[in-house]
Amino acid sequence: MSNTVAIHPALKERLNSGIPPRLDEDGNQVRAILMYSGGLDSTLAGLLLKLQGIDVIAVNMFTGFCLTDHKRKTGKLRPDGSRYQNEAIVGAAGLEIPVEIVDVREGYLKVLTEPTYGWGSAVNPCIDCRIHMLGHAKRELLEEYGAHFIATGEVLGQRPMTQMKRQMKIIEADTGLEGLVVRPLCQSALWETIPEQKGWVDRDQLLHITGRGRKAQIQLAKDLGVLDYPQPAGGCCFLTDGNYGKRLRDTIDHKNGAELTFEDVLVLKLGRQFRLPDGNKLVVGRNKADNDMLKAYWTLGHFLEVRGHSGPLSLYVGDRESSDFALGCRITARYSDCPAHEEVPVKEMHQEEVLAEHMTLPLPRDEENAWKIQ
Ligand code: SF4
């Protein structure tokens, strides 16, 4: 298995030339906006619509919390040794459908920190997140693309938080999309939608897949001629990760009423994180990729780095007059290659500019664990 979508040449040939276009009552090509991840379910949903002669535009929503995207940026490799790629882009290329990556970060912080329908087991505001994404698709994309409806790869009962009938209804009602979301993999187990009533979609060709198993989708992929598709990589979103959840809750608890920024929550993806005794924060890069990415968060505080020895870049966030600052220097030195019992200079920097150097004795190994978040 690779990390992209590949379809049989016969299916490709059929899609490209063998299917008459499905037209609406005015003779216009029926078009769908497909919420597309590049995974198997949304790939199959797109194919089922294409096989009905419907024009499919794939959209992939960017929130900043995609795990695969983070792994790709940090240069991690997949278990099979291949590089992580944007699965929506490579999947859409395999299907030969257009894809747009849509930035939906505006307004997402409120979704994340004050979800109307609450968090899941970590800090995943899945119902509000779906409302945010589908609402964006309705407001910004349906008209722009002249699309008739929105489609998803959802399977009834697959995810308890968003893919149950009641939650699907809530999401449609809150976005004003009642009856305008078609779920080709399970629609025949659900209500009849407007596109079906109007004849834009043939209900008889929509499926009845339910539950958390994957067998039906794998069989369908075989039947249709999908030769290859990305394997689920064990979670796709930081917000479902328990450790990330602890970090975010800690940040919310220590904001003292101030507004959170995207930098405040995105930096939580990086390195080791410490909440120091006076309430200030230290982020210590784990490796070169972390150190490089940490540099983008210079607006949050000052950087610390040992001079003359290799070691991490740290970001100190908070009051530098506090005794936490010296402790942050000691923790930074502890993770460097400097001798354990010798004072070393720790540079304090604003971006690349060195503001001061602080002679520092490294903290004894493991003492820092008392302030580690997670
Ligand atoms: S898993 Fe993440 S991206 Fe998916 S709905 Fe939940 S919060 Fe949104």
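Calculation rules
Residues numbered from 1 in each chain as written. Predicted model: local features only at pLDDT ≥ 70, side-chain atom pairs only at ≥ 80, totals over all residues. Near = placed C-beta within 6 Å. Nonpolar A, V, L, I, M, F, W, Y, C, P; charged D, E, K, R; others polar. Buried ≥ 20, exposed ≤ 12 C-beta atoms within 10 Å, placed from the backbone. Helix = DSSP H or I, 4+ residues; strand = E, 2+ residues; numbered from the N terminus. Arc of directions from axis to C-beta. Contact = placed C-beta atoms within 7 Å. Pairing = 2+ DSSP bridges. Axes fitted to C-alpha atoms, helices over the stretch in contact; angles between N-to-C directions. Parallel < 35°, antiparallel > 145°, perpendicular 65-115°, else oblique. Left-handed = near helix turned anticlockwise from the far one by under 90°. Expected span 1.5 Å × (residues − 1). Right-handed = clockwise from strand over helix to strand, strands pointing away.

Caption draft 1: Spatial organisation of the site of the ligand. The environment of the ligand is formed by Asn124, Pro125, Cys126, Cys129, Arg130, Cys237, Leu239 and Thr240. Of the residues contributing to the shell around the ligand, the split by class is five nonpolar, two polar and one charged.

Caption draft 2: Helix 7 (residues 165–175), seen in detail. Listed in full, the buried residues belonging to helix 7 are Met168, Ile171, Glu172 and Thr175. An end-on view of helix 7 places all buried positions within 95° of arc, on one side of the element. Facing away from the buried side of helix 7, by more than 90 degrees, are the exposed residues Arg166 and Ala173. Check the buried side of helix 7 and you find it contacts helix 6 (126–141) and strand 6 (181–182). A positive phi of about 70° marks glycine 176, the residue just after helix 7.

Caption draft 3: Fine view of the sheet that holds strand 12 (residues 344–350). The sheet built from six strands is open, its strands ordered 8-9-11-10-12-13 with antiparallel pairing. Whereas interior strands pair on both sides, the edge strands pair on one side only; in this sheet they are strand 8 (272–275) and strand 13 (353–360). When the angles between neighbouring strand axes are averaged without regard to direction, this sheet yields 25°. For strand 10 (residues 302–306) and strand 11 (residues 314–317), the ladder comprises three bridges, and the chain directions are antiparallel. Each residue of the ladder has a partner; that of leucine 304, found in strand 11, is serine 314. Seen against the sheet, helix 13 (residues 323–334) touches strand 8, strand 9 (281–284), strand 10, strand 11, strand 12 and strand 13 and runs at an angle of roughly 40° to strand 10.

Caption draft 4: Focus on the packing of helix 2 (residues 40–50) against helix 9 (residues 215–224). Between helix 2 and helix 9, whose axes approach to 11 Å, the crossing angle comes to 45°. With respect to their mutual orientation, helix 2 and helix 9 come out oblique. The hand of the helix 2/helix 9 crossing is left-handed. Where helix 2 approaches helix 9, its residues Leu40, Asp41, Leu44 and Leu47 are matched on the opposing element by Gln217, Leu220, Ala221 and Leu224. Among the residues forming the contact of helix 2 with helix 9, the class breakdown is six nonpolar, one polar and one charged.

Caption draft 5: Summary view of helix 6. For helix 6, spanning 16 residues, the distance from its first C-alpha to its last is 21 Å, which sits close to the expected 22 Å at 1.5 Å a residue. Within helix 6, the full set of buried residues consists of Cys126, Ile127, Asp128, Cys129, Arg130, Ile131, His132, Met133, Leu134 and Ala137. Against the buried residues of helix 6 lie strand 2 (31–35), strand 3 (55–62), helix 5 (108–113), strand 5 (149–151) and helix 7.

Caption draft 6: How the structure looks around the pairing of strand 2. For strand 2, a buried count of five out of five residues is recorded, marking the element as mostly surrounded by other parts of the structure. Residues Arg31, Ile33 and Met35 of strand 2 are buried on one face, and the alternating residues Ala32 and Leu34, pointing to the opposite face, are buried as well. Between strand 2 and its parallel partner strand 3, the chain crosses via helix 2, and the hand of that crossover is right-handed. Sheet topology places strand 2 next to strand 5; three bridges connect them, and they run parallel.

Caption draft 7: Focus on the sheet that holds strand 5. Read across the sheet, five strands follow the order 4-3-2-5-6 without closing on themselves; strand pairing throughout is parallel. Each end of this open sheet is capped by a strand with a single partner; those strands are strand 4 (99–103) and strand 6. Bridging between strand 3 and strand 4 involves five bridges; their strand directions are parallel. Looking at the pairing, valine 59 lines up with glutamate 100 of strand 4. Most of the contacts of helix 2 go to strand 2, to which it runs at about 170°, and overall it touches strand 2, strand 3 and strand 5. Each of strand 3 and strand 4 touches helix 4 (residues 87–95); the most contacted strand, strand 4, lies at about 160° to it.

Caption draft 8: Region of the structure containing the environment of valine 123. Mapped onto the elements, valine 123 comes out in the loop between helix 5 and helix 6. Along the sequence, valine 123 and leucine 112 sit 11 residues apart, while their C-alpha atoms lie 7.5 Å from each other. Setting aside residues up to four positions removed in sequence, valine 123 forms contacts with Leu239, Tyr244, Gly245, Leu248 and Arg249.

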